[in-house]
Amino acid sequence: MSTPTLVAADETRQQSSTAPAHWGGVFAMTLCVFALIASEFMPVSLLTPMANDLGVSEGLAGYGIAISGAFAVLISLSISALAGSTNRKVLLLGLTALMAVSGAVVALAPNYLTYMVGRALIGVVIGGFWSMSAATAMRLVPSSQVLRALAIFNGGNALATVIAAPLGSYLGGVIGWRGAFLCLIPVAALALVWQWGSLPDMTAERAQGSGNVFRLFKRRAVALGMAACGVFFMGQFALFTYVRPFLETVTHVEVPTLSLILLGIGLAGFVGTVVIGVLLKQGLYRTLIAIPVLMAVIALALIPLGAWVWPVAFALALWGLLATAAPVGWWSWIANALPDDAEAGGGLMVAVIQLAIALGSTVGGMLFDHSGYRSTFVASAAVLLLGAGLTLLTSRASLSRVD
């Protein structure tokens, strides 16, 4: 997942402007972000050994990402109603504990069904945590420091993006994929203890406005934008979920080289999150259109380049740079398109992105199993180009004067 957009009702802003800063809570949640992102996408770097051990195809193993996305969708759309008046600190602690439970269930799974249950649990955590994260940041620090707090949250996201996949690949080669998942449990436990001691009491606040997020689809520009965002993530994960099988069966890399390639993707993604701001200031929609077009070109280029290690590594690094930076642009779009209703828009965005990840990894897995990597990569490129087209339509329909 990506960093949530900054949202605050006037009352919350006034209260937070004089509130004490709880920076320990900010850093504790950042550690939680790191563990959550690592847990969410760990299967990407361990897909092959997981599939072999569980006795299923790589496509079926990839459905572990699909099911986590599906449950994240359900929770993100209903977390406010489900949580009710529950103290938000208690809720966050519960979600963090559930993340540790998920890691244990996956690591100890004796069969495919148990593995999928564990992945469903992490989906619950993803949906709940990301739906609450922006509002939590605003209650931890004064309003003038919220942007800084969100930037720190994003640091946990970026750090996990950089090291989670290559570290997972490395640990999988040394202690097995089960051991790699077990390593996430103490990280989640540390985040739980840290949050317990550093988060202030956060009683539930009355929700602002209508709780029906689907009302936003009545706005044509918002409907098009959500569709464009969803199609982009679907195209991205149709390919990215199956990078490891591609590298092992087509490029024929060993685990050490695989880990280096994944590290390169992560490092390039970190660079992307740093530089994307400059491009967004020059033109939000131009940037959001260019990114999927370039990624589609890369997806198609990987087909003839597949047998050569370094060209593939370079292409995937470019892919990582673009793909990791893109969510920053889409959260910026939320802030511009829905300045007075960004909380509802942000919750809807979480659902759209997770649903798209689920669909993308599912379709990609079906194609990968039945038609091979070429069809998966071509499909990814086609979907990404569709996303670029929808973004163009969004720019024309938008009432926000961004570009």
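Numbering of residues starts from 1 in every chain and runs along the sequence as written. Confidence filtering applies because this is a predicted model: local features only for residues at pLDDT of at least 70, side-chain atom pairs given and counted only at 80 or more, and all residues used for totals across whole chains, interfaces and linings. The side-chain numbers reported here are obtained from all heavy atoms of the structure, hydrogens and water having been left aside.

Runs of H or I in DSSP of at least four residues are treated as helices and runs of E of at least two as strands, each being numbered from the N terminus. Of regular secondary structure, the protein chain possesses 14 helices and 0 strands. Reading the secondary structure of the protein chain in the N-to-C direction produces α-α-α-α-α-α-α-α-α-α-α-α-α-α. Two residues form a contact once any of their heavy atoms are found within 4.5 Å. A fraction of 87% describes how many contacts in the protein chain between residues 6 or more apart in sequence connect residues 24 or more apart. Accessible surface is estimated by sampling points in the Shrake-Rupley manner with a 1.4 Å probe; for residues, cover comes only from the protein chains shown. Accessible area of the protein chain: about 16,000 Å², with a carbon and sulfur share of 68%.

With that settled, the discussion passes to the packing of aromatic side chains. Only rings of Phe, Tyr and Trp enter the pairing, Trp through its six-membered ring, and a pair is recorded when the two centres are within 6.5 Å. The plane angle decides the type: under 30 degrees is stacked, over 60 is edge-to-face, the rest tilted. Applying the stated criterion to the full structure yields 10 aromatic pairs. Consider the rings of Y112 and Y115, whose centres lie 6.0 Å apart with planes at 40°: the pair is tilted. Here Y115 and Y112 lie together in helix 5 (residues 112-140), a separation of 3 residues that amounts to about one turn. Here's how the labels work: a residue is buried when its accessible area is under 20% of the maximum for its type, exposed when over 50%, partly exposed in between, all with a 1.4 Å probe on protein chains only. Assessed through its relative accessible area of 0%, Y115 is described here as buried. An angle of 85° between the planes, with centres 6.1 Å apart, marks the rings of W177 and F181 as edge-to-face. Remark: F181 and W177 occur in helix 6 (residues 146-182); sequence separation between them is 4 residues, near one turn of the helix. Of the two residues, W177 and F181, both sit in the buried class. Through pairs of rings, three or more aromatic residues link up here, namely F246, Y373 and F377.

Below, the discussion takes up the nonpolar core. Ranked by size, the top nonpolar core spans 124 residues in total, and within it F181, L247, L302, W319, W333 and M349 carry the most contacts. Here the element with the most residues in this core is helix 2 (residues 23-54); it accounts for 18 residues. In contact with L247, other than residues within four places in its own chain, are H252, V253, L258, I261, V312 and L316. Definition of nonpolar core: a set of buried residues of the types Ala, Val, Leu, Ile, Met, Phe, Trp, Tyr and Cys, connected through side-chain atoms within 4.5 Å.

Okay, helix 4 (residues 88-107) next. In an α-helix, one turn spans 3.6 residues; hence positions three or four apart end up facing the same way. A rise of 1.5 Å per residue sets the reference length of helix 4, with its 20 residues, at 28 Å; its end C-alpha atoms lie 29 Å apart and thus fit the reference within 8%. The opening residue of helix 4, the one whose side-chain oxygen lies 2.8 Å from the backbone nitrogen of K89, is N87. Every helix has an expected span of 1.5 Å times one less than the residues it contains. In protein, a polar contact requires one atom able to donate a hydrogen and another able to accept it; more generally it is a pair of N or O atoms within 3.5 Å, and residues adjacent in sequence count only if both atoms are side-chain atoms.

Turning our attention to a nonpolar patch on the surface. What goes into a patch is any residue over 30% in relative accessible area without a salt bridge, connected to like charges within 9 Å or, for nonpolar side chains (Val, Leu, Ile, Met, Phe, Trp, Tyr), within 5 Å. What makes a salt bridge here is a side-chain nitrogen of Lys or Arg within 4 Å of a carboxyl oxygen of Asp or Glu, nothing more. A contiguous nonpolar patch, built from L167, Y170, V174 and I175 and spanning about 390 Å² of accessible area, is present on the exposed surface. Structurally, V174 is set in helix 6. Looking at V174, the relative accessible area reads 52%, which means it is exposed.

Another aspect to go through is helix 11 (residues 284-305). Between its first and last C-alpha, helix 11 extends 31 Å over 22 residues, near the 32 Å set by a 1.5 Å rise per residue. Along helix 11, the residues that are buried comprise L284, Y285, T287, L288, I291, P292, M295, A296, I298, A299, L302 and I303.

Tallying each qualifying case throughout the model produces 2 salt bridges. In this structure, R178 engages D53 in a salt bridge whose closest nitrogen and oxygen atoms are separated by 3.0 Å. With R178 in helix 6 and D53 in helix 2, the pair connects residues that are 125 residues apart, well separated along the chain. Judged by relative accessible area, D53 falls into the partly exposed class, the value being 42%. Here E248 ties to R244 by a salt bridge, and the two come within 2.9 Å at their closest N and O atoms. Placement of the pair is E248 and R244 together in helix 9 (residues 243-251), with a separation of 4 residues, close to one helical turn. Exposure remark for R244: the relative accessible area of 5% places this residue in the buried category.

Turning our eyes to something else, we now look at the environment of A97. Position of A97 among the secondary structure elements: in helix 4. With 92 residues separating them in the primary sequence, A97 and A189 have C-alpha atoms 7.1 Å apart.

This part covers the packing of helix 8 (residues 220-240) against helix 11. Helix axes are fitted only over the stretch in contact, all axes being lines through C-alpha atoms; the angle between N-to-C directions runs from 0 to 180 degrees. Relative orientation of the contacting elements helix 8 and helix 11 amounts to 20°, with a least axis distance of 11 Å. What the angle tells us is that helix 8 and helix 11 run roughly parallel. Here the hand of the crossing between helix 8 and helix 11 comes out left-handed. Facing F232, Q236 and L239 of helix 8, the residues of helix 11 in contact are I291, P292, M295, A299 and L302. Roughly parallel covers angles under 35 degrees, roughly antiparallel covers those over 145, roughly perpendicular covers 65 to 115, and oblique covers all other angles. Helix crossings get a hand from a simple test, with the near helix turned counterclockwise from the far one by less than a right angle marking a left-handed crossing and a clockwise turn marking a right-handed one.

Assignment of secondary structure puts W23 in helix 2. By relative accessible area, which is 22% here, W23 ends up partly exposed. The spatial distance from the C-alpha of W23 to the C-alpha of L199 is 9.0 Å, given a sequence separation of 176 residues.

Time to look at the packing of helix 9 against helix 10 (residues 255-282). Contact geometry of helix 9 with helix 10 gives a least axis separation of 11 Å together with a crossing angle of 135°. The orientation of helix 9 relative to helix 10 falls into the category oblique. The two elements helix 9 and helix 10 cross, and the hand of that crossing is right-handed. Across the interface between the two elements, V243, R244, L247 and E248 of helix 9 pack against V255, L258, I261 and L262 of helix 10. A per-class count over the contact of helix 9 with helix 10 returns 6 nonpolar, no polar and 2 charged. Three classes are used, and their members are as follows: Ala, Val, Leu, Ile, Met, Phe, Trp, Tyr, Cys and Pro are nonpolar, Asp, Glu, Lys and Arg are charged, and the others, Gly among them, are polar.

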